[in-house]
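The lines below spell out each chain.
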Amino acid sequence: MEYLSVTVLNSYIKNIFAAEEMLHDIQLCGEVSGIRVSGGNAFFTLKDENAAIQCNCFGIKNNYIPKDGETVILFGSVDYWHKAGKLSFNALRITPLGEGALALKLEMLKNRLREQGYFDESHKKAAPKFPSKVCVITSKAGAVIRDIVTTCRAKNTATDIAVYDVRVQGEGCASELCAAIAAVDKLGYDLIIIARGGGSQQELMPFNDENLVKAIYNASTPIVSAVGHETDYTLCDMAADVRAATPTAAAHLIAFDVRELYVYLEETRARMLQSVKVRIADGYDSVYSHMTGMRLLAGGRITSARSILERKLTDAKLAVNNILTDRALRLHKSTASINALNPAGMLERGYFYVTDKEGNKLKSVAQMDAGKQIVINGSDGKVDATVTG
């Protein structure tokens, strides 16, 4: 009988688990039981009222360490250790249920918005290098706007900074942010900054609002998100055209040095001048090349046309001479025929013709009775006569 070795069977089972996508990068909720931390790794059982599974978390010191009986959410993948034939769940992240549920909801929203294209890099607009008019959407009462203005003014006083006052936490904050973006987007600013200082995950939740993401996506003006501290990351950051780690970083983004602008303008002028010179030179070379080509082409065509014309003139002269010669021969023959039939010619040869006194031709003797007055016409004149018999 054919048989399988344990290694072959367990390897086959491991490959099945590895190929199943639904067992990777999933959220698993349950109660922790029998947790043991050893060598920086945690081993425990996660259970609910009907089932249990062995779990591992390697590198637990960088993670949340739960207590026995605590309900948590694990993020990780199912693993099958083929050498021992042991099934377990490898947790990459451990979160208490309250925070975990919020994080899970946020993760699902983020994935859905990403699939719908709201975070696509191809849609993001570049922030102007030297913005002259900037609007900061934030709370006037906070220290954020003072920090932005102070940082910017340390380099220049040229940038016009306006403030649109909104709440930056609490109920109704997200709606105010959306309305502010819609209003400011119509006012012709070079840049919009959405700014807020650091805070807890709960305090920053308005900046994870789905409508706020869509308002940022639909805006025509480039938007910089400067929300929280450097480690904070919101959906507002992901949707914005530019993410600044902090409000101070956003201020540095717009706080260009005026001297740097002068240098940039001078370099731009020099590049434009050089570009124009190069284009003029290229244009001259192109025109000269085309003129030379046209001259050669025209010369060749003129020579060819002259040859054709001369040949046709020669052919025409020959044709005309042939026609004239032929017509002259035909004219000579016609003249000879006409002369042969000309009565005057006959008269010159001694013939006469007879008419009555009225000039009517008499063609027979029967027309000339005795005593009739007749006229005899010759080549050199005429004679009046009377028929006597």
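This text goes with the structure placed above it.
Residues numbered from 1 in each chain as written. Predicted model: local features only at pLDDT ≥ 70, side-chain atom pairs only at ≥ 80, totals over all residues. Heavy atoms only, no water.

## With respect to the overall build of the protein chain
Worth spelling out the cut-off: Numbered from the N terminus, helices here are DSSP runs of H or I no shorter than four residues, and strands are runs of E no shorter than two. Our radius of gyration looks at C-alpha atoms and nothing else; its globule reference is 2.2 Å times the residue count to the power 0.38. With a 1.4 Å probe rolled over the protein chains alone, any residue whose accessible area is under 20% of its type maximum counts as buried; one over 50% counts as exposed, and the rest are partly exposed. Between two residues, a contact is recorded if the distance between any of their heavy atoms is within 4.5 Å. Surface exposure here means Shrake-Rupley accessible area, sampled with a 1.4 Å probe, where a residue is shielded only by the protein chains that are shown. For the charge count, each Lys or Arg is scored as positive and each Asp or Glu as negative, with His and the chain ends excluded. In plain terms, the charge of a residue is placed at NZ if it is Lys, CZ if Arg, CG if Asp and CD if Glu.
On a plain count of helices and strands, the protein chain comes out with 9 helices and 13 strands. Rg of the C-alpha trace for the protein chain: 57 Å, well past the compact-globule value of 21 Å for 389 residues, more than 25% over. Structurally, the protein chain occupies a C-alpha span of about 180 × 90 × 45 Å along its principal axes. Across the 389 residues that make up the protein chain, the buried fraction comes to 30%. Long-range contacts, defined here as pairs at least 24 residues apart, represent 59% of the contacts in the protein chain between residues at least 6 apart. As displayed, the protein chain offers around 25,100 Å² of accessible surface, 57% of which is attributable to carbon and sulfur atoms. Positive and negative side-chain charges in the protein chain, numbering 45 and 44 respectively, have mean positions lying 11 Å apart.

## Remarks on helix α7 (residues 247-254)
We apply this condition: The arc in question is the one traced by the directions running from the helix axis out to the C-beta atoms.
For α7, the complete set of buried residues consists of P247, A250, A251 and I254. Looking straight down α7, one finds its buried side chains confined to an arc of 100°; they lie on one side. The secondary structure elements touched by the buried residues of α7 are β6 (133-138), α3 (143-153), β7 (160-165), β8 (191-196) and β9 (223-227).

## Considering the sheet that holds strand β11 (residues 353-356)
Test applied: Should DSSP find at least two bridges between two strands, the strands are regarded as paired. Only the stretch in contact is used when fitting a helix axis, every axis being a line fitted to C-alpha atoms; angles between N-to-C directions are given from 0 to 180 degrees.
Strand order in this open sheet of 3 strands is β11-β12-β13, and the pairing throughout is antiparallel. Both outer strands of the open sheet, β11 and β13 (381-386), are each paired with one neighbouring strand and no more. Direction aside, neighbouring strands of the sheet carry axes that sit 30° apart on average. Note: strand β12 (residues 373-378) against β13, 6 bridges, orientation antiparallel. Across the sheet, V375 pairs through a bridge with D384, a residue of β13.

## Things to note about empty space enclosed by the protein
A probe as big as a water molecule, rolled over the atoms, marks out the empty space that is left. Rules: As defined here, a cavity is a set of points on a 1 Å grid over the protein atoms alone where a 1.4 Å probe fits but cannot get out. A pocket is an open set with protein on both sides within 12 Å along at least five of seven lines, and residues line them when an atom is within 4 Å of a point. Grid points are joined across faces, edges and corners, and a volume is the space filled by probe spheres set on the points. Charged residues are taken to be Asp, Glu, Lys and Arg, nonpolar residues to be Ala, Val, Leu, Ile, Met, Phe, Trp, Tyr, Cys and Pro, and polar residues to be all remaining types, Gly included.
One pass over the full model with this rule turns up 1 cavity of 30 Å³ or more. The space that makes up the largest cavity amounts to roughly 40 Å³. Along its surface, the largest cavity is lined by Y118, D120, H123, K124, K125, I216, Y217, A239 and D241. For the lining of the largest cavity, the class distribution of residues is 4 nonpolar, 1 polar and 4 charged.

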